[in-house]
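# Understanding the architecture of this molecule
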Amino acid sequence: MYVDGADDPPVRVRGRGVLPRRLLDDVPASLLGLPTRVVVARTTVPSASPPFITAGASIETNHNKGAGSLGCFARDSSGHPVLLSCAHVLFPGFKVIGDLAVYSPDYSSCCSSGVRVGRPHYDPKLKAQPTEGNEWVGGYREGQWTGGFNWIPARVRGPGGTNLPGHASETDCAMARLDPGVKFHNAWQVDVGGTVTTIPIKGAVTEGLGIGKGPPVGTLPSHEQYVRVYNAVNGRLRFGTMLSNTLSEPDVTDPDRIVFRLGISDPKDHGSGSKTNVNQFLILPRPSPIPGQSLSDSYHNGEELTFEGGDSGSVVINHENRVVAMIIRAGPIDEYFKLDRTAPEFAHIGNLGIATPIGPILERLQVEIPAVEEGWSGTAPSAGDRVHIFLDRLPSAVELAQRRGAAQLREQLRTSVLGRLLLGKIGQHRKEVRELLTSTRPVAAGWRAVQGPAFYHHCVQGVRTPGHSVPTVINGVSRAQLVDTMLPLLIRYAGPALRRDLERYGRVLTGALSPAETIQDVPAALARPRVRS
C-alpha cells in the first residue's frame, strides 16, 4: 500500500503474506490526510532458477551441529510435500528457534552458500510429557521439540556395555515443509566412476520389515539380502546386510531376529538432540557387489566399509528400491556382538549403521512415501496465484545482528593497511574461492577433512555474537593444520590472479590472524606492526 504526498515521494507501508479480499476493501481512502493506493501484484518468478533437490542431499539448519542427510520426500496428513530426516538433524539440541530453516547443500561450507529449501515442522499444541527420569518427550515444551521421539520401557545399554533398566525411543525422526517453488525428486543421484546414475525410490514398505537377515559367515549375500544407503555428505553408495541377534527372544513379526531390542545411546545424545534408541536394525557394511568376484576378493577392493555421523537421516532401501529404514546413528560392532575378527566380514569394517524401521517413522509423523516407479517428484505449491501487497521477507533478528557485526568489522578493518588489503582481496576473489570450495573436488574434500565448515560456522557465529570464541582446535584439527592443508590446495587450483595473491599474501595474513581469539580481535591483529623476514 502506498500513501501519496503532494511534494514528497510516496510512503510505502509494508505488509506481509496474502491478505483476504475483505481486508483490502476496508483500506481507507486516505491516511493521515494523504490518499492511499493499494497495489495488488501477482506472484513473481525469481530471476534465479528455483531450488531442485533429490533424496540423499546434504542438509543443514542455520543452527546446526553438522551436516546430515535428507532421507527422502513424503506427503504429510494435509497432502503437502515434506522432507524426512532425523530429529537431531532438523532440531539440533532439541531447540525450536524462530528463524530455523533447512539449507542444501552445505549451508556453512563456504560463505553460507547453501540454498534454503524448507522449514522444520513442529506442533506447539502437542505438549511433551514427563517421564520418571525427569525428561520430557513426545512434543513441545519451553522452546524444545521432542515430538520425533516416543518413550517406551527398554533394556538400556549403559556405559561399558552393561544393560540397565530404563526408557528409550523407537524413533528419532522429523520432517520439514518444503518452501514454495522447491522442485524435488525421490531419487538418488549417485556418481559411480564419473558417471551419474539415478536410483529411484519407489515408495516404502508398509507391511512387515521388508528385508531379512544377511547370509552365514563366509557366504556372499544374495541380491535380496542387500540393502543400500546413500547420502551426499560423503558421496558414496553403501551396501550392507542386516545382522541377526540370535540371543533375542523369538518374535512372529521378526522371525529373523534382526530388530535389536536393547537400548543404544551415547553420552553426547542430549547435546546433539537425540535420545536412547531401541528396536533398531543393525546394518553390517559390505563391499559393493561385483559379478563373479569371490567373497574374499571383494574385501580387497579398497572400499571404506563404515557408517558415520553424516549418514544420519539417510534412508535404507531394499532390492525393490523401497524404503525399509532410516539411519539414525553409527556405532562400533564390538559394542553389540562378540565376533571372530578373522572372518573377512568383520576384519575390515568400521562402524555399523543403526537404523529405524520405516513403519514406526511413518506412523509417528503421519506421512506416506508415495509409491511411484520412477520416484515421486513435483514442485512444492505456493500459497496461491495472487499475492496482495507483495513485499520481501523482513530480515530476522539473527540476520540483522550479522549485518551489524559485518559492518562494524569492515569499518575497523579499514583502519589498517593489512585490513584494507584483506577487504580488497575478499571482494576481488570471493566468487572464485567459493567455487573452489564447493565445486573443485580435491579442494572441497580437503576443506571438509580439516573441519573447514566447522571453523567457518564459528566465524559466522562470531560476527553475529561479539565475544564468541573461535576454537583453535576442532575435532583434533588445529587452525595451523587447516592453513597448511588449504593454502597449497587453493594455490594449486586457483586462477593466475588468485594464485599470485595467495602466494604473496597468504602466509602474512594467516600469520597475523592466528592469535585472534574472536572475530572482533581480527582488526587489531592485522594492525600490529610486523617484523619483516
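The paragraphs below set out a description of the structure included in this document. (Residues numbered from 1 in each chain as written. Predicted model: local features only at pLDDT ≥ 70, side-chain atom pairs only at ≥ 80, totals over all residues. Heavy atoms only, no water.)

### A closer look at the overall build of the protein
What counts here: A helix here means a DSSP run of H or I that spans at least four residues, while a strand means a run of E at least two residues long, and both kinds are numbered starting from the N terminus. Buried, partly exposed and exposed residues are distinguished by accessible area as a fraction of the type maximum, computed with a 1.4 Å probe on protein chains only: under 20%, between the cut-offs, and over 50%, respectively. Shrake-Rupley sampling with a 1.4 Å probe provides the accessible areas, and residues are treated as covered by the protein chains on show and by no other component.
Looking only at helices and strands, one finds 13 helices and 34 strands in the protein. Taken across its 533 residues, the protein has 45% of its residues classed as buried. Just so you have it, the protein exposes about 27,000 Å², and 54% of that area is on carbon and sulfur atoms.

### Brief notes about the side chain of T241
Rule in force here: Identification of polar contacts relies on pairs of N or O atoms within 3.5 Å, with a donor-acceptor requirement for protein atoms, meaning one able to donate a hydrogen and the other able to accept it, and with residues adjacent in sequence counted only if both atoms are side-chain atoms.
The residue T241 is located in strand 24 (residues 236-242) in this model. By relative accessible area, T241 is classed as buried at 1%. A distance of 3.0 Å separates the side chain of T241 from the side chain of R286, its partner in a polar contact.

### Quick look at the packing of aromatic side chains
Just so we agree on the cut-off: A pair of aromatic rings is counted whenever rings of Phe, Tyr or Trp (Trp by its six-membered ring) have centres within 6.5 Å, and the orientation is called stacked for planes under 30 degrees apart, edge-to-face for over 60 and tilted otherwise. Consider the ring centre and the ring normal. A charge sits over the ring if Lys NZ or Arg CZ is within 6 Å of that centre and within 35 degrees of that normal.
Enumeration according to the criterion identifies 9 aromatic pairs in this entry. With a centroid separation of 6.4 Å and an interplanar angle of 50°, the aromatic rings of F91 and W145 are classed as tilted. A residue pair is termed long-range when its members are at least 10 positions apart, and F91 in the loop between helix 2 (87-90) and strand 11 (102-104) and W145 in strand 16 (residues 144-145) qualify at 54 residues. Since its relative accessible area comes to 8%, W145 is described here as buried. Three or more aromatic residues joined by ring pairs form one cluster here, namely F91, Y122, Y140 and W145. When the ring centre of W136 is taken as origin, the NZ or CZ atom of R141, which lies over that ring, is 3.9 Å away. Taking NZ or CZ as reference, R238 lies 5.4 Å from the ring centre of F307, over its face.

### Quick notes on the sheet that holds strand 6 (residues 52-54)
Put simply, the rule is: Pairing between strands requires that DSSP locate at least two bridges from one strand to the other. The axes are straight lines fitted to the C-alpha atoms, using for helices just the contacting stretch, and the angles between their N-to-C directions are given from 0 to 180°.
As summarised here, the arrangement of the 3 strands in space is 6-20-31, forming an open sheet in which the pairing is mixed. Of all strands in the sheet, those with a lone pairing partner are strand 6 and strand 31 (377-379), marking the two edges. Recorded for the sheet is a direction-independent mean angle of 15° between the axes of neighbouring strands.

By themselves, these figures tell us nothing about what the structure is for.
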